[in-house]
Amino acid sequence: MGNQSSCLKFAIIGHQDNWEKIRQFIDFTRKSKGSASLELEQIKGIYTYIPARPVFDIHIHSSLGIDCHGFYIESFISPDELGPNHLRSNIQKVKDSCNLASRMGADIVALGGFTSIFLESGGLQATRIGNTCFTTGNTLTAALVVEGIEKACIQKGMPLDQTRLLIVGSTGDIGSACVRYFSGKVKKILLCARREKQLKIQSGELRRMGQDADYATDINAFLPATDLLIAVASSLLTDANPNLLSNHAIICDAGYPKNLNQNFKLICPDRVFEGGMGVITQKFHFNPVIWESIYRFPVPYTVHGCVLESIVLALEGIKQPYSVGRGNITVEDMREISQRAKKHGILLTPLFHPDAKQPEPAGIM
Amino acid sequence: MQLIETKNELDTEQMAVVKDILSQAISGELIGMSNFASLAGMIDDIHEKMEAVEHAHCERGHAEGFMNISRQFDIVPEINVEGHYWKRVRDSFLKYAKQKDLIACLIIQEVMLECFAVSMYHDIGHALNNEIGDLFRAISDEEKEHIEHSIHLLQSELNSDPEAFVQKVEIIHWDCMTILAEWTAGDHVHCRCGVCADQCVKESLHMIGLTLSSLRGNALNLYLKTLDRIGLPPQKSLEWVINLPA
């Protein structure tokens, strides 16, 4: 039997990144009542209008014998409406979700995927509502991204200190954490983001510290010279041309929704992996259980890093907004949260291709 | 007859859409008036009886308001409380009224019907930039009070026996919300509802800048939020709404 004495109640606020997962959920819910399946357009006509609500409970067991309980709140942000045109309505949905999490008594809440923008941009004026603390979960995500890259380099026999690392979304919260971590560890850092002014500042800081660096707003400018690619931008990189990529490059797509178009995954299937993911070695259980089929990855019991951060904080009894703002994640924070996670049997997931269908415990790389 | 000056002139096709919308609104308000009148007859508490009469009067006032604005715009609405959907709504209400089930009647009238009225009137009011739009917005605000009135009553009903209350709402949801869902469903455009003048108005909403999916979606959104405020389990109400005809 586990104990719950020091464990806090966690929650995750999130959204779905594709309609297929939503269709599975809607179909399951309708079939359970004997209703017929709906066309995608009909699903879209319902889904986007549903107010935020909890959709499943999560029970996890730590390797230290602690049982922990939480729940997932779906914000019902449409996968089609993640762009800037819908910012205002999406922010309202995130606000509603945060208030709901607080009313439901969550101690620590992670804002997953797009919803983290609320904490990164300072939209949530306080990082607490009542007794509830909020975190983006970006620190553990960043820690898992860098660990994944290091592991991939070892698996591919690529000495890290001889590589040119391209970080797409380098001025974002996770991107800048990766820049900090790899500074002094790789041969050259190639910075890519939308805002040139910030790229220039970031590049200048790296050079002052003795790290060779360059920057560009166009990803294609760097692809031929890239050995390692971390994609952590906030949207799909539609203009990126995979044919320009060097034929040995390793790609870590850690964006949510995914940043890289399908062609990248087709051209180099054995060198792309989904980054920022961890595995709960002592397993988890969802109620209703259908969500275990919907929230499913090729490696069983794999979970996004941001979700794991709230679980780790709950297990550790840390009730504080661990990851907030943009550009505040330190290498020390990443090491600390990673060590705390490992203590509870939460580890980097074996690397897997984003579109892999079958469980592959040994990873694809 | 001299037309009132409007901020935004409507063409013939748009006027046909507005006519159908006014026809539906008037028919719906008269159903609401009849429902509250029926409620007044079944309630024993004298204060609640008086309140039901007042609500019936209020719905009558809304119907008259829509009739008056129709006249001002030279529109002759089709008023048909025996229409395909409105008659079924009324029958559903009367089934519970006959059982003297006040709570069920409140759930139908003040939660289900009013959520649709408040939300749709709001959306129509913002789509029509003229006196008709102003009226829809004003009535939407007034109808909100009916929802507020019911929430407190239904919260205490839930607290007294949560399991029985959730069960009751679910049964009424399938009875009444199924009708409203069909009324607003995209694939129910070929049946004659007996209110729209010619073809189904759902196919022409775009002419006044509305979409069926947003009109329906916003109404369901308000319905779910209202059930949340009453305290119904959010996973249950989600399941109910997902299973409605679409």
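The rules we used
- Residues numbered from 1 in each chain as written.
- Chains lettered and ligands numbered in written order.
- Predicted model: local features only at pLDDT ≥ 70, side-chain atom pairs only at ≥ 80, totals over all residues.
- Heavy atoms only, no water.
- Helix = DSSP H or I, 4+ residues; strand = E, 2+ residues; numbered from the N terminus.
- Rg over C-alpha atoms; globule rule 2.2 N^0.38 Å.
- Contact = heavy atoms within 4.5 Å.
- Lys, Arg positive; Asp, Glu negative; His and termini not counted.
- Charge placed at Lys NZ, Arg CZ, Asp CG, Glu CD.
- Buried < 20%, exposed > 50% of the residue type's maximum accessible area, 1.4 Å probe, protein only.
- Areas by Shrake-Rupley, 256 points an atom, 1.4 Å probe, with all protein chains shown as cover.
- Salt bridge = Lys/Arg side-chain N within 4 Å of Asp/Glu carboxyl O.
- Polar contact = N/O pair within 3.5 Å; in protein donor to acceptor, adjacent residues only side chain to side chain.
- Nonpolar A, V, L, I, M, F, W, Y, C, P; charged D, E, K, R; others polar.
- Pairing = 2+ DSSP bridges.
- Axes fitted to C-alpha atoms, helices over the stretch in contact; angles between N-to-C directions.
- Expected span 1.5 Å × (residues − 1).
- Bend = angle between axes of the 7 residues up to and from the residue.
- Parallel < 35°, antiparallel > 145°, perpendicular 65-115°, else oblique.
- pLDDT = per-residue confidence, 0-100.
- Disulfide = S-S within 2.5 Å.

1. Side note on the overall build of chain B
Counting secondary structure elements, chain B contains eight helices and zero strands. Mapped in sequence order, the helices and strands of chain B form the string α-α-α-α-α-α-α-α. For 246 residues, the compact-globule estimate of 2.2 N^0.38 gives 18 Å, and the C-alpha radius of gyration of chain B, at 18 Å, lies within 12% of that figure. Restricting the contact set of chain B to residue pairs at least 6 apart, pairs at least 24 apart contribute 81%. In chain B, 20 side chains carry a positive charge and 39 a negative one; their mean positions are 4 Å apart.

2. What to know about the overall build of chain A
Regarding its fold elements, chain A presents 11 helices and 16 strands. The globule rule puts the C-alpha radius of gyration for 365 residues at 21 Å, and the 20 Å found for chain A is close to it. In chain A, which comprises 365 residues, the proportion classed as buried is 59%. Residue pairs in contact within chain A that sit at least 24 positions apart in sequence constitute 69% of those at least 6 positions apart. With an accessible surface of roughly 14900 Å², chain A has 49% of that area assigned to carbon and sulfur atoms. Positive and negative side-chain charges in chain A, numbering 38 and 35 respectively, have mean positions lying 2 Å apart.

3. Quick notes on the interface of chain B and chain A
Contacts between the two partners involve 21 residues from chain B, matched on the other side by 19 residues from chain A. In this structure, the connection of chain B to chain A is made through three salt bridges. Inspection of the chain B/chain A interface yields 13 residue pairs in polar contact (both at pLDDT 80 or more). Those elements that provide at least two residues to the side of chain B that touches chain A are α6 (162-183), α7 (212-230) and α8 (234-242) of chain B. Counting residues per element, the side of chain B that touches chain A draws most heavily on α7 of chain B, which supplies eight residues. For the side of chain B that touches chain A, a count of residues per class yields eight nonpolar, eight polar and five charged.

4. Section: the sheet that holds strand β16 (residues 346-348) of chain A
Residue and element names in this part refer to chain A. Taken in spatial order, the three strands line up as β15-β13-β16 in an open sheet, and their pairing is antiparallel. In this open sheet, the two edge strands, each paired with only one partner strand, are β15 (302-304) and β16. The sheet shows a mean angle of 40° between the axes of neighbouring strands, direction not considered. Taken together, the three bridges between strand β13 (residues 277-280) and β15 define a ladder with antiparallel strand orientation. In the sheet register, Val279 faces β15, and the bridge partner there is Thr302. Along the sheet face, helix α10 (residues 305-316) touches β13, β15 and β16 and points at about 95° away from the line of β15.

5. Brief notes about helix α4 (residues 102-127) of chain B
Within an α-helix, residues lying three or four positions from one another point in the same direction, as the helix has 3.6 residues per turn. Residue and element names in this part refer to chain B. Its 26 residues give α4 an end-to-end C-alpha distance of 36 Å, which sits within 8% of 38 Å, the value for a rise of 1.5 Å per residue. Bending of α4 peaks at approximately 40° at the position of Glu114. Across the 26 residues that make up α4, a large majority, 22, are buried.

6. Overview of the packing of helix α3 (residues 84-98) of chain B against α6 of chain B
All names here are of chain B. With their axes 9 Å apart at the nearest point, α3 and α6 run at an angle of 170° to one another. Between α3 and α6, the angle is such that the two are roughly antiparallel. Here Tyr85, Trp86, Arg88, Val89, Ser92, Lys95 and Tyr96 of α3 come into contact with α6, specifically with Ile171, Ile172, Asp175, Cys176, Ile179, Leu180, Glu182 and Trp183. Its residues assigned to classes, the contact of α3 with α6 shows 10 nonpolar, one polar and four charged.

7. Quick notes on the sheet that holds strand β6 (residues 132-135) of chain A
Strand-to-strand pairing in sheets goes through backbone hydrogen bonds, with the strands running parallel or antiparallel. Residues and elements named next belong to chain A. Pairing within the open sheet is mixed, and its seven strands lie in the order β5-β6-β4-β1-β3-β2-β14. Single-partner strands in this sheet number two, and they are β5 (128-129) and β14 (284-287). Inspection of the sheet shows strand β1 (residues 10-14) paired to strand β4 (residues 108-111) by four bridges, in the parallel sense. When the sheet's bridge partners are listed, Ile12 is paired in β4 with Ala110.

8. Focus: the confidence of the model for chain B
Residues and elements named next belong to chain B. Summing up the model confidence of chain B, the mean pLDDT is 92 and the portion of residues at 70 or higher is 95%. Residue range residues 1-5 is modelled with pLDDT below 50. Its contacts to residues more than four positions away, or to other chains, number 10 contacts. In the predicted assembly, ipTM is 0.90 and pTM is 0.90.

9. Considering the environment of Ile242 of chain B
Tracing the backbone through its elements, the reader meets Ile242 of chain B in helix α8. For the pair Ile242 of chain B and Ile75 of chain B, spaced 167 residues apart in sequence, the C-alpha separation works out to 37 Å. In contact with Ile242 of chain B, other than residues within four places in its own chain, are Phe25, Ile26, Thr29, Arg30 and Ile46 of chain A.

10. Things to note about the state of the cysteines
Residues and elements named next belong to chain A. If you walk through the whole model with that rule in mind, you get one disulfide over all chains. At a sulfur-sulfur separation of 2.4 Å, the disulfide partner of Cys7 is Cys68. Of this pair, Cys7 sits in the segment before β1 while Cys68 is found in strand β3 (residues 67-74), placing the two residues 61 residues apart along the sequence. Given the relative accessible area of 15%, Cys7 is considered buried. Not part of a disulfide, Cys178 finds its nearest cysteine sulfur in Cys252, a span of 7.5 Å. Note on Cys306: no disulfide assigned, nearest cysteine sulfur contributed by Cys98 at a separation of 13 Å.

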